[in-house]
Amino acid sequence: MNRHDPSVAHVAHGLHLPRQGKKREELKKLMEEARRDDADWRHGKTAGYVFYAGEDILEVAQEAYLMFFSENGLGLKAFPSLKRFETEVVAMIARLLHGDQAIGNMTSGGTESLLLTVKTARDRARVEHPHITEPAIVLPVTAHPAFNKAAHYFGLKVIRTPVREDFRADVSALEAAITENTVLVVGSAPDYSYGVIDPISDLAAIAQERKIYFHVDACMGGFLLPFLEKLGYAIPPFDFRVPGVTSISADIHKYGFGAKGASTLLYRDASIHKYQGFDFQDWPTGLYSSPTIAGTRPGGAIAAAWAVMHYLGEEGYLKLAEKIMCTTTALIQGINQIPELEVWGKPDMSLFAYGSRTLDIYAVADGMSARGWFVNRQMVPPGIHLTVTPAHEPIIDSYLRDLTIVTCEVAQGKLQGQGTPVTYN
Ligand SMILES: *Cc1c(COP(=O)(O)O)cnc(C)c1O
């Protein structure tokens, strides 16, 4: 059951496949027209969805994607190039996350990485904790919905536990929710909603003591936190250096700046990775072996990840990390200077939410939308969410100017909220 608008499922009654094909130039024109109302990510107007770090990086990813547009990551024997790219991408991120024995795969995105995590944890428990008949996941309320999606698909229960006043996981509440049936405990580095890192060391210790699988969701942080640490930012330990961390997810299509359709899932060692794959041979063709959830996998996304990581290198990522953090700091300071507004908590990285204790923040959101910003709203507490990228550096001043004016208009009662629903997408 879902509440999706049918248009999301592409129901357009009366439309049929055109009898005759269209000319390529005409198609291009039609698609340019179709995208006329799309959010302008190149000029920093979006608050999420797109991670743009400049034309050169985009072109490197695009060229690599097109070069391997037709190749299929399901057939690594046919395409040793892709096998090499995937192996090297996994090795590079594993090193950044201090996984000396780490092993893993590329997936199509954070969601697939988390679906696989849940499947691996469930299958490991079946073998190593066979008394468990009703497997459950315990995680902070701030953990990504993909864990519930996975639990829904794979038949697990989910217990979401409260966070502290600083929005980080309440360790004792989480500990109290663990039962005999718990097969997976999760912490985020950082979480999406408030951009804060959970107390990973404490959570990992609790899980380890009980021999429970512990996953760090670093889908957002995996490709940024290692560089922030190198730049001298105080980043609490979150990676394989923390004992008890079983696996880590890190998205390349976010702060890795690869093409969409690229994430990584890394396990501490091979003894856990063995529960991830799926092999089947009871059909006419023989052994079908697939490491991840997808069957056919786009060679383009794998190649683009490899190409961008080699194009940027550590120096490139460090430069981008600096730019992202300076932009974040400027935006946070600017927002906090507007008397009615306040950034929630102390974000550890480059994503955060802000709101107001005195006025209707959704009226502010409506006002910003009217000025051409694509605004992401948040529900608890009522707020506006921003994921900062290098594309936002040039718009710091214009964003803050518009926000100052809109907030003033709302405070004076000149702008009312439109009652726009609060949804993630
Ligand atoms: C984006 C995100 C995910 C899911 O990743 P997708 O690539 O959108 O599937 C999971 N966890 C966190 C913390 C994220 O920010």
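Everything here concerns the structure above.
(A) Up close: the packing of aromatic side chains. Inspection of every chain in the model, using the stated rule, returns 15 aromatic pairs. Considering the side-chain rings of Trp41 and Tyr52, the 5.2 Å spacing of their centres and the 70° angle between planes classify their relative orientation as edge-to-face. With a gap of eleven residues between them, Trp41 in the loop between helix H1 (24-34) and helix H2 (55-67) and Tyr52 in the loop between H1 and H2 connect regions that are remote in the sequence. For Trp41, a relative accessible area of 26% translates into the label partly exposed. Judged by relative accessible area, Tyr52 falls into the buried class, the value being 11%. In textbook terms, an aromatic cluster arises when at least three aromatic residues are bridged by ring pairs, as seen for Phe51, Tyr255 and Phe257.

(B) Representation of the sheet that holds strand E13 (residues 383-387) within the structure. Within the open sheet, the four strands sit side by side as E10-E11-E13-E12. Their pairing is antiparallel. In this open sheet, the two strands that pair with only one neighbour each are strand E10 (341-343) and strand E12 (376-378). Strand after strand, the sheet turns through a mean of 35° between neighbouring axes, direction not considered. Bridge count for strand E11 (residues 351-356) against E13 is four bridges, and the pairing is antiparallel. Bridging across to E13, Phe352 finds its partner in Leu386. With respect to the sheet, helix H10 (residues 299-337) is in contact with E10, E11 and E13, its orientation differing from that of E10 by roughly 145°.

(C) Region of interest: helix H11 (residues 361-370). The buried fraction of H11 is high, at eight of ten residues. Along H11, the residues classified as buried are Ile361, Tyr362, Ala363, Val364, Ala365, Asp366, Gly367 and Met368. Here the buried face of H11 lies against E10, E11, E12, E13 and helix H12 (396-411). One side-chain oxygen at the N-terminal end of H11 lies 2.9 Å from the backbone nitrogen of Tyr362; it belongs to Asp360.

Rules behind the numbers
- Residues numbered from 1 in each chain as written.
- Predicted model: local features only at pLDDT ≥ 70, side-chain atom pairs only at ≥ 80, totals over all residues.
- Heavy atoms only, no water.
- Phe/Tyr/Trp six-rings, centres within 6.5 Å; stacked < 30°, edge-to-face > 60°.
- Helix = DSSP H or I, 4+ residues; strand = E, 2+ residues; numbered from the N terminus.
- Buried < 20%, exposed > 50% of the residue type's maximum accessible area, 1.4 Å probe, protein only.
- Pairing = 2+ DSSP bridges.
- Axes fitted to C-alpha atoms, helices over the stretch in contact; angles between N-to-C directions.
- Contact = heavy atoms within 4.5 Å.
- Polar contact = N/O pair within 3.5 Å; in protein donor to acceptor, adjacent residues only side chain to side chain.

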